[in-house]
Amino acid sequence: MITVVGGSGEGSTIMHAAADRAPVSRIGTLRVENLALTYAASSGDRFTVLDIDRMEIEPGAVVGLTGPSGSGKTSLLYTLTGIEKADRGSIRWGDTDITQLSERGRDRWRRHNIGFVFQDFHLIPGMTPLMNVLLPRTFEGFFIGSATRRRAQDLLELVKAPAARASVAMLSRGEQQRVGIARALLNRPGLIAADEPTASLDADAGRIVIDLLLSQAAATGATLLIVTHDPALLARLKRVYHLRGGKLLTT
Ligand SMILES: Nc1ncnc2c1ncn2[C@@H]1O[C@H](COP(=O)(O)OP(=O)(O)O)[C@@H](O)[C@H]1O
Ligand SMILES: [Mg+2]
């Protein structure tokens, strides 16, 4: 059960019942060493996109990642979450070095541990908000029991998404991102990863999304890693990494 206390916007308090307080995934401390990622250029040669000596993020931390366009922010978020495979180095989340896992192993690890919020939402138009929140489970072939369905409905209520619409295509962009957040939270991830989650939203919708990400990470104890250029969002993050040309400027 999820209880919502207070109104929307600044100062609202969102509390979870005891069973929901801890993330199911205890993802542990992130320790990155000697990381490199390369991509293939049109010439066939490979060019270095990420070159990172060290990076450490403790569980429950709220961390921003910023830098100019093309500096490697999305590549880093994808590599830390196992969507991209590093060419070199280690990426340990607690006891698991995801660079040592097979692609299937990384996929399974990611499903259990990561909730991903995309800049452009990645929702399926024509499906209801509820179906979109449940979709990752559907792809995984998991049986969707009544408890999962109820949690998805509770999350849609929590994020104040209009759950009754026949299609997410009818929702405003801000409402679509709230559905994206509900979907990311479904598995109670140890890491909430968000790639420019407010970039395509107006200021009001962006503020609601920031409030939700921060309050939900705090309520569940999840680590929150946000890629952003948004000054309003950066101003609310205590710790921010800066990327330039695939290297970290500050750690
Ligand atoms: N799949 C890919 N193949 C080849 N090059 C890519 C690929 N994805 C991104 N790049 C290049 O890698 C660099 C970093 O991209 P990206 O991580 O998307 O940067 P950011 O998110 O900071 O804008 C850019 O030069 C981009 O063109
Ligand atoms: Mg990007």
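All values derive from a computational prediction rather than experimental measurement.

A.B. asks: So what's going on with the overall build of the protein? Which residues, and what values?
C.D. replies: For the protein, the count of helices and strands is 8 helices and 12 strands. For the protein, the residues scored as buried account for 38% of the 251 residues in total. Partitioning the intrachain contacts of the protein with sequence separation of at least 6 by distance along the chain shows that 70% fall at a separation of at least 24.

A.B. asks: Let's hear about the site of ligand 1: which residues, and what values?
C.D. replies: Neighbouring ligand 1 are Tyr39, Val49, Gly67, Ser69, Gly70, Ser71, Gly72, Lys73, Thr74 and Ser75. When the residues that make up the shell around ligand 1 are grouped by side-chain class, the tally is 2 nonpolar, 7 polar and 1 charged.

A.B. asks: Describe the pairing of strand E8 (residues 114-117), listing the residues and the values that go with them.
C.D. replies: The alternating pattern of E8 places Ile114 and Phe116 and Gly115 and Val117 on opposite faces, both of which are buried. As paired elements, E8 and strand E9 (residues 191-195) share 4 bridges and run parallel to each other. The residue of E9 that forms the bridge with valine 117 is alanine 194.

A.B. asks: Provide a residue-level description of the environment of alanine 41, including the pertinent values.
C.D. replies: Here alanine 41 shows up in the loop between strand E3 (30-40) and strand E4 (46-57). Residue alanine 41 is classed as exposed on the basis of its 9 C-beta neighbours within 10 Å. Once residues within four sequence positions are removed from consideration, alanine 41 is found in contact with Arg46 and Phe47.

A.B. asks: Can you explain the sheet that holds strand E12 (residues 247-248)? Please cite residues and give values.
C.D. replies: Taken together, the 6 strands give an open sheet; going across it, the order is E8-E9-E10-E5-E11-E12, and neighbouring strands pair in mixed fashion. Edge positions in the open sheet fall to E8 and E12, since each of these has one partner strand only. The sheet contacts of helix H2 (residues 73-80) involve strand E5 (62-66), E9, strand E10 (223-227) and strand E11 (239-244), and relative to E10 the element is tilted by about 155°.

A.B. asks: Before we move on, could you go through the sheet that holds E4 and cite the residues and values that matter?
C.D. replies: The strand order E4-E3-E6-E7 describes an open sheet built from 4 strands, whose pairing is antiparallel. Every other strand in the sheet has two partners, leaving E4 and strand E7 (96-97) as the edge strands with one partner each. By the bridge criterion, 2 bridges tie strand E6 (residues 88-93) to E7 in an arrangement that is antiparallel. Across the sheet, the residue bridging to arginine 92 is aspartate 97, located in E7. Against the sheet, H2 engages E3, E4 and E6, with an angle of about 60° to E4.

A.B. asks: Could you give an account of unusual backbone geometry, naming the residues involved and the relevant values?
C.D. replies: Unlike most non-glycine residues, phenylalanine 121 shows phi in positive territory, near 70°. The class of phenylalanine 121 is buried, set by 21 C-beta atoms lying within 10 Å. Backbone geometry at histidine 122 places phi at a positive 55°, although glycine is not the residue there.

A.B. asks: Could you give me a rundown of the pairing of E3, with the residues and numbers involved?
C.D. replies: Regular strands place side chains that alternate from one sheet face to the opposite one. Sheet topology places E3 next to E4; 10 bridges connect them, and they run antiparallel. Bridging across to E4, threonine 38 finds its partner in threonine 48. The antiparallel hairpin formed by E3 and E4 contains 5 residues in its connecting segment, where glycine 44 sits at a positive phi of about 100°.

A.B. asks: Account for H2, naming residues and giving values.
C.D. replies: What H2 keeps buried is the set Lys73, Leu76, Leu77, Thr79 and Leu80. Angularly, the buried residues of H2 cover 165° about the axis, an arc narrow enough to put them on a single face. Within two residues after H2, glycine 82 carries a phi angle of roughly 80°, on the positive side.

A.B. asks: Hey, could you go over the environment of lysine 247 for me, with residue numbers and the actual values?
C.D. replies: Take lysine 247: it is sitting in strand E12. Residues lysine 247 and glycine 72, spaced 175 residues apart in sequence, show a C-alpha to C-alpha distance of 8.4 Å. Those residues in contact with lysine 247, other than ones at most four positions away along the chain, are Asp51 and Ile52.

Here is what the cut-offs are and how they apply
Residues numbered from 1 in each chain as written. Chains lettered and ligands numbered in written order. Predicted model: local features only at pLDDT ≥ 70, side-chain atom pairs only at ≥ 80, totals over all residues. Helix = DSSP H or I, 4+ residues; strand = E, 2+ residues; numbered from the N terminus. Buried ≥ 20, exposed ≤ 12 C-beta atoms within 10 Å, placed from the backbone. Contact = placed C-beta atoms within 7 Å. Near = placed C-beta within 6 Å. Nonpolar A, V, L, I, M, F, W, Y, C, P; charged D, E, K, R; others polar. Pairing = 2+ DSSP bridges. Axes fitted to C-alpha atoms, helices over the stretch in contact; angles between N-to-C directions. Arc of directions from axis to C-beta.

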